[in-house]
Amino acid sequence: KGVAGRLASGLSQEDYIARWGGDEFLLVLRAPFEAGTSVAQRVVDHVTSSPMSTSAGLVPVSLSAGAAPFEAPLGLDPAIAGADRAMYKGRSRGVGTLGVDYSL
């Protein structure tokens, strides 16, 4: 819940966030792609900037993220697949990185 809150607090009212899987979230940023990648990196930095306070104490937060463009005629599936590929690219460079996939 804490990570979801941090993710949401980094978005504008025009953006969307959804829990995609156990520890995966899908962010849809309503911005041109280049601007969106800047927003995505800012969100990554915000989420990982400080540990979460829990009943067990402070817990460090890490994440890997991927960004891909959305083209309306192609639908959402290619964008999600691209973001997933990009996330794994980012993860291979280390935690807290944003991978980008320009292919559709």
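Check the entry above for the structure.
Residues numbered from 1 in each chain as written. Predicted model: local features only at pLDDT ≥ 70, side-chain atom pairs only at ≥ 80, totals over all residues. Heavy atoms only, no water.

Draft legend 1. How the structure looks around the pairing of strand E2 (residues 25-28). Summarising the sheet, strand E1 (residues 16-19) and E2 pair through four bridges and their orientation is antiparallel. Its bridge partner being in E2, Ile 17 is matched across the sheet by Leu 27. What sits between the antiparallel neighbours E1 and E2 is a turn of five residues. (Pairing = 2+ DSSP bridges. Helix = DSSP H or I, 4+ residues; strand = E, 2+ residues; numbered from the N terminus.)

Draft legend 2. Representation of the packing of aromatic side chains within the structure. Applying the stated criterion to the full structure yields one aromatic pair. Between the aromatic rings of Phe 33 and Tyr 102, the centroid separation amounts to 5.3 Å while the plane-to-plane angle is 80 degrees, which identifies the pairing as edge-to-face. Separated by 69 residues along the polypeptide, Phe 33 in helix H2 (residues 33-48) and Tyr 102 in the segment after strand E6 (98-100) bring together distant segments of the chain. (Phe/Tyr/Trp six-rings, centres within 6.5 Å; stacked < 30°, edge-to-face > 60°.)

Draft legend 3. Representation of the side chain of Asp 101 in the model. Mapped onto the elements, Asp 101 comes out in the segment after E6. At 2.8 Å, the side chain of Asp 101 and the side chain of Arg 85 are in polar contact. Among residues more than four places away in sequence, those in contact with Asp 101 are Phe 33, Ala 67, Ala 68, Pro 69, Gly 82, Arg 85, Ala 86 and Lys 89. (Polar contact = N/O pair within 3.5 Å; in protein donor to acceptor, adjacent residues only side chain to side chain. Contact = heavy atoms within 4.5 Å.)

Draft legend 4. Spatial organisation of the layout of surface pockets. There is about 1,200 Å³ of room inside the largest pocket. Of all the secondary structure elements, the ones that give two or more residues to the lining of the largest pocket are helix H1 (2-9), E2, H2, strand E5 (65-67) and helix H3 (76-93). In terms of residue count, the dominant contributor to the lining of the largest pocket is H3 (seven residues). Of the residues belonging to the lining of the largest pocket, the class tally is 26 nonpolar, five polar and six charged. (1 Å grid on protein atoms, 1.4 Å probe; cavity = no way out; pocket = protein on both sides within 12 Å on 5 of 7 lines; lining within 4 Å. Points joined across faces, edges and corners; volume = space filled by probe spheres on them. Nonpolar A, V, L, I, M, F, W, Y, C, P; charged D, E, K, R; others polar.)

Draft legend 5. Spatial organisation of the environment of Ser 64. With respect to the helices, strands and loops of the structure, Ser 64 is situated in the loop between strand E4 (57-59) and E5. Spatially, the C-alpha atoms of Ser 64 and Arg 91 are 5.4 Å apart, while their sequence positions differ by 27 residues. With near-sequence residues (within four places) excluded, Ser 64 lies in contact with Met 87, Arg 91, Gly 94, Val 95 and Thr 97.

Draft legend 6. Up close: the pattern of salt bridges. Taken as a whole, this structure holds two salt bridges when the rule is applied. Salt-bridge contacts for Asp 101 lead to Arg 85; the nearest nitrogen and oxygen are separated by 2.8 Å. Here Asp 101, found in the segment after E6, pairs with Arg 85, found in helix H3; they are 16 residues apart in sequence, far enough to count as distant. Classification of Arg 85 by relative accessible area gives partly exposed; the value is 39%. As a salt-bridge pair, Asp 101 and Lys 89 come within 4.0 Å of each other at their nearest N and O atoms. Of this pair, Asp 101 sits in the segment after E6 while Lys 89 sits in helix H3, and the two are twelve residues apart along the sequence. A residue is classified by how much of its surface remains accessible, and Asp 101, at 3% relative accessible area, is buried. (Salt bridge = Lys/Arg side-chain N within 4 Å of Asp/Glu carboxyl O. Buried < 20%, exposed > 50% of the residue type's maximum accessible area, 1.4 Å probe, protein only.)

The analysis is restricted to geometry; functional conclusions fall outside its scope.
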